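Structural features, examined
Here is how the chains run, residue by residue.
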Amino acid sequence: DGRALYSVEHALVLCQMHGLSEGAMYLYERLGLFSEVLNLHMANDDHKGILKCCTRLGHLEPNLWADALAFFGAQETDCSEEVRQALVFMERGRLM
């Protein structure tokens, strides 16, 4: 019936305690904490994951795209391709 047989919050704490970022991302998403999903990708410096996260969840929380652009802009490495991809997707989705 879709109801969890566990406390999502308790499971999230366990994932955080044991460094299980994939589990934490899944649970953050279930809780609607989309910016936390993005923050984990950023903490792992996972540029592809950041773009995938924004593509998948950006329509639910458009600020994800702005956060991603700020992240890419603050990097010392060249992130021009990531910025280009983000801007193209934002324009297509009329998120600007």
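For the structure itself, look to the data block above.
In this report, the structure presented in the accompanying data block is examined. (Residues numbered from 1 in each chain as written. Predicted model: local features only at pLDDT ≥ 70, side-chain atom pairs only at ≥ 80, totals over all residues. Heavy atoms only, no water.)

Attention shifts here to helix α5 (residues 63-74). Spanning 12 residues, α5 covers 17 Å between terminal C-alpha atoms, matching the ideal 16 Å at 1.5 Å per step. Considered for burial, the residues of α5 that qualify are Leu-64, Trp-65, Ala-68, Phe-71 and Phe-72. Down the axis of α5, the buried set is contained in an arc of 120°. They therefore lie on one face. The exposed residues of α5 that point more than 90 degrees off its buried face are Asn-63, Gly-73 and Ala-74. In this structure, the buried side of α5 is in contact with α3 (34-43), α4 (47-57) and α6 (80-92). (Helix = DSSP H or I, 4+ residues; strand = E, 2+ residues; numbered from the N terminus. Expected span 1.5 Å × (residues − 1). Buried < 20%, exposed > 50% of the residue type's maximum accessible area, 1.4 Å probe, protein only. Arc of directions from axis to C-beta. Contact = heavy atoms within 4.5 Å.)

Here we take up the state of the cysteines. Counted by the stated rule, this structure contains 0 disulfides. In this structure Cys-15 is not part of a disulfide, and its nearest cysteine sulfur, from Cys-53, lies 17 Å away. Cys-79 takes part in no disulfide bond, and the closest cysteine sulfur, belonging to Cys-54, lies 13 Å away. (Disulfide = S-S within 2.5 Å.)

It is worth stressing that arrangement in space is one thing and function is another; only the former is reported here.
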